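Descriptive analysis of the structure
Letter by letter, the chains look like this.
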Amino acid sequence: MLNCDLHCHSTASDGLLPADAVVRRAAANGVDMLALTDHDDVAGLSLARATADECGIAFVNGVEISIEWTGLQIHIVGLAFDPASTALNDGLASIRAGRIERARRMGAALEKAGIPDAFEGAMRFAGNPSLISRAHFARHLVDSGVCKDVRSVFESYLVPGRPGYVDHRWASLADALAWVHAAGGIAVVAHPGRYKLSAREMRRFLAEFHDLGGQAIEVMSGSHTVDHVGTFGRLAREFGFLASRGSDFHGPGESYVDLGKLAPLPDGLRPVWDAF
Ligand code: AMP
Ligand code: MN
Ligand code: MN
Ligand code: MN
């Protein structure tokens, strides 16, 4: 089976490596086909594609879109679209526009919790300031000695109910799918095992995604357990979704799964790359 990794990040969003270094690392790890899927931005794609051509691996345009569904933050990956699409670029710009303001509110909330200057600190970690994310706050709080690692920053400060978390309105599910489809791409539910949804709510979410023309879900993901793989393999079959595989690599030392190192898709699923 081809070694396809269809979810990872560069410094165009909250990854630690520039897009060309991400592609070179993927090629060195034996990846045959890579999609770069930065959050809410397509700025890394042209460098990534040029580097993939140099390395002789296949490249797929990707993006990971932040949406809000019934109050939860969910991620939709778009694959194999035209990055010049006006509808897609305007939509992504509209999501990015809210990020700096949200980051200022996070800084103010952390200040109240006794951590001053977190906004400025996080900004120093953001390669692309318009993509300032919770991951940059986490790196700053580790660097400044507030927490021992990124995971504990999230647990203590950056998830709902914690002092540095602020609500934010992202795109809707319908918006995100409309943008991906307008650009000729395929929409994929990112790491479905990560969302705090009951089995019943997950089915309702997947049914809505399906009705809006969503075609695939990540079955193999860097954040999935063996149980998740079983559950989402079954749901993919039940809903007739294509199955995707993506490490969600953000950088060496920070991500548990390196580029191209996930197990293959389970048998009996239709890989999303058959549709490219
Ligand atoms: P944002 O888009 O600003 O809400 O930030 C979300 C990003 O934070 C994700 O894309 C991950 O890179 C990172 N992230 C979210 N939850 C966690 C977690 N529990 N541990 C480590 N990183 C996380
Ligand atoms: Mn991220
Ligand atoms: Mn994600
Ligand atoms: Mn991701």
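Since we're looking at a predicted model, the values are computed, not measured.

At this site the manganese ion (ligand 2) is bound by Asp-14 (OD), Asp-14 (OD), His-39 (NE2) and His-250 (NE2), with donor distances of 2.1 to 2.8 Å. With six donor atoms in place around the manganese ion (ligand 2) and angles of 51 to 154° between them, the coordination shape is irregular. If you look at the manganese ion (ligand 2) and the manganese ion (ligand 3), they sit 5.6 Å from each other. Pair noted here: Asp-14 is in the loop between β1 (4–5) and α1 (19–28) and His-39 is in the loop between β2 (33–36) and α2 (45–55), with a separation of 25 residues, a long-range link.

Another point: the pattern of salt bridges. Under the definition given, this model contains eight salt bridges. Between Arg-96 and Asp-41 there is a salt bridge, with its nearest N and O atoms 3.7 Å apart. Highlighted residues: Arg-96 in helix α3 (residues 86–97) and Asp-41 in the loop between β2 and α2, separated in sequence by 55 residues. Per residue, the accessibility class of Arg-96 equals that of Asp-41, and both read buried. Linking Arg-194 and Asp-248 is a salt bridge whose minimum nitrogen-to-oxygen distance equals 3.8 Å. With a gap of 54 residues between them, Arg-194 in the loop between β5 (186–189) and α9 (199–211) and Asp-248 in the segment after β7 (242–246) connect regions that are remote in the sequence. Judged by relative accessible area, Asp-248 falls into the buried class, the value being 10%.

Here the protein chain is described as being made up of domain 1 (4–96 + 170–275) and domain 2 (100–158). Computed over C-alpha atoms only, the centres of domain 1 and domain 2 are separated by 25 Å. Taken together, the contact between domain 1 and domain 2 spans 15 residues of the former and 13 residues of the latter. Between domain 1 and domain 2, roughly 950 Å² of surface is buried when both sides are summed, and carbon and sulfur atoms account for 46% of that area. It is Asp-14, Arg-96 and Glu-254 in domain 1 that bury the most area against domain 2; as a group they hold 41% of the surface buried on that side. Counting across the interface, domain 1 meets domain 2 through one salt bridge. The salt bridge partner of Arg-139 is Glu-254, with a shortest N-O separation of 2.7 Å. Along the contact surface separating domain 1 from domain 2 lie eight residue pairs in polar contact (both at pLDDT 80 or more). Partitioned by chemical class, the residues of the side of domain 1 that touches domain 2 number four nonpolar, six polar and five charged.

Locating Pro-163 in the fold gives a position in the loop between α7 (150–158) and α8 (173–182). Judged by relative accessible area, which is 38%, Pro-163 ranks as partly exposed. When the C-alpha positions of Pro-163 and Arg-139 are compared, they lie 17 Å apart, and in sequence the two are 24 residues distant. Among residues more than four places away in sequence, those in contact with Pro-163 are Ala-109, Ala-113, Ser-156 and Tyr-157.

Procedures and definitions
Within each chain, residue numbers correspond to sequence positions counted from 1 in written order. Written order decides the labels, with chains lettered from A and ligands numbered from 1. At least 70 in pLDDT is required for a residue's local features to be given in this predicted model, at least 80 for side-chain atom pairs to be given and counted, and no such filter applies to totals for whole chains, interfaces and linings, which use all residues. Heavy atoms from the whole structure form the basis of all side-chain values; hydrogens and water molecules are not counted. With water omitted from the atoms examined, metal sites may look incomplete; donors here are N, O and S atoms no farther than 2.8 Å from the metal, or 3.2 Å in the case of Na, K and Ca. The rule is simple: four donors are tetrahedral if all their angles sit between 85 and 135 degrees, four are square planar and six octahedral if opposite donors span more than 155 degrees and the others lie between 65 and 115, and anything that fits none of that is irregular. Put simply, DSSP marks the helices as runs of H or I at least four residues long and the strands as runs of E at least two long, and each gets a number from the N terminus on. In the sections that follow, a salt bridge refers to a side-chain nitrogen of Lys or Arg positioned within 4 Å of a carboxyl oxygen of Asp or Glu. Only protein chains enter the area calculation, which uses a 1.4 Å probe; residues under 20% of their type maximum are buried, those over 50% are exposed, and those in between are partly exposed. These domain limits were set by an automatic method or by a database of domain assignments. It only takes one pair of heavy atoms within 4.5 Å for two residues to be counted as in contact. Two parts placed together each lose some accessible area under a 1.4 Å probe, and adding up what both lose gives the buried area. Side-chain atoms alone can form a polar contact between residues adjacent in sequence; in general such a contact is a pair of N or O atoms within 3.5 Å, and within protein one must be able to donate a hydrogen while the other accepts it. Polarity classes work like this: nonpolar for Ala, Val, Leu, Ile, Met, Phe, Trp, Tyr, Cys and Pro, charged for Asp, Glu, Lys and Arg, and polar for all others, with Gly in that last group.

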